[in-house]
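Each chain, letter by letter, is given below.
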Amino acid sequence: YVTITVTYNVSPPELSPGGVMSVTATTAAASCNILNGYDDTLEERGFCYGTSPNPNITDDNKVTVGNGGGTSFQANITGLSPNTTYHLRAYATNFAGTGYGSDVEFTTTKLLTGITISAPPENTSYMEGDSFDPTGMEVTASYDGNDPEIITSYAFSPSGALTTTDTEITVS
């Protein structure tokens, strides 16, 4: 008889730091690349997150992306709280263990609950062909659980020449 010993020299996957591509009040889109340790032995990959640094798959929230399909992966993380700082790490697990990307910190935006015109524009009367002029107008944004703020960056429509059918201006 001949005994053949097969030795695997496999370590947990190594991941790029990962990143957060976009953030809203309650969601974040994350992405990551597996640098090595990716083969048919990959059991799971995804992102873990929490409000403390260096989240892990045992103690924190996680979003599982699957176990295959290439070396890069993305996920949408939902159910986050507005105006909160989170920490996120990508992870991948093979039979040798779990590898993590670097800790990435991000903060969700405030949850906008309303926009009001707190001071009207200087000109409130227009003729056909005129364009709306917001000079003097003050716009206030209200956020869930926060004090209202005067905002200086906003859009309005219609933005071109007014017609006789234009009876209101929409601010967003």
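Residues numbered from 1 in each chain as written. Predicted model: local features only at pLDDT ≥ 70, side-chain atom pairs only at ≥ 80, totals over all residues. Heavy atoms only, no water.

Draft legend 1. Representation of the pairing of strand 9 (residues 104-107). Alternating positions in strand 9 separate cleanly, V104 and F106 being buried on one face and E105 and T107 remaining unburied on the opposite face. Of the strand pairs in this sheet, strand 7 (residues 85-94) and strand 9 are connected by 4 bridges, and their pairing is antiparallel. The residue bridging H87 from the neighbouring strand is E105, located in strand 9. (Buried < 20%, exposed > 50% of the residue type's maximum accessible area, 1.4 Å probe, protein only. Helix = DSSP H or I, 4+ residues; strand = E, 2+ residues; numbered from the N terminus. Pairing = 2+ DSSP bridges.)

Draft legend 2. Geometry of the packing of aromatic side chains. Under the defined criterion, the tally for this structure stands at 5 aromatic pairs. With 5.7 Å between their ring centres and 20° between their planes, Y86 and F106 make a pair best called stacked. In this pair, Y86 is assigned in strand 7 and F106 in strand 9, connecting sequence segments 20 residues apart. Here the basic side chain of R89 rests over the ring of Y100, its NZ or CZ set 4.0 Å away from the ring centre. The positively charged end of K110 is found above the aromatic ring belonging to Y143, 5.1 Å away from the centroid. (Phe/Tyr/Trp six-rings, centres within 6.5 Å; stacked < 30°, edge-to-face > 60°. Lys NZ or Arg CZ within 6 Å of the ring centre and 35° of its normal.)

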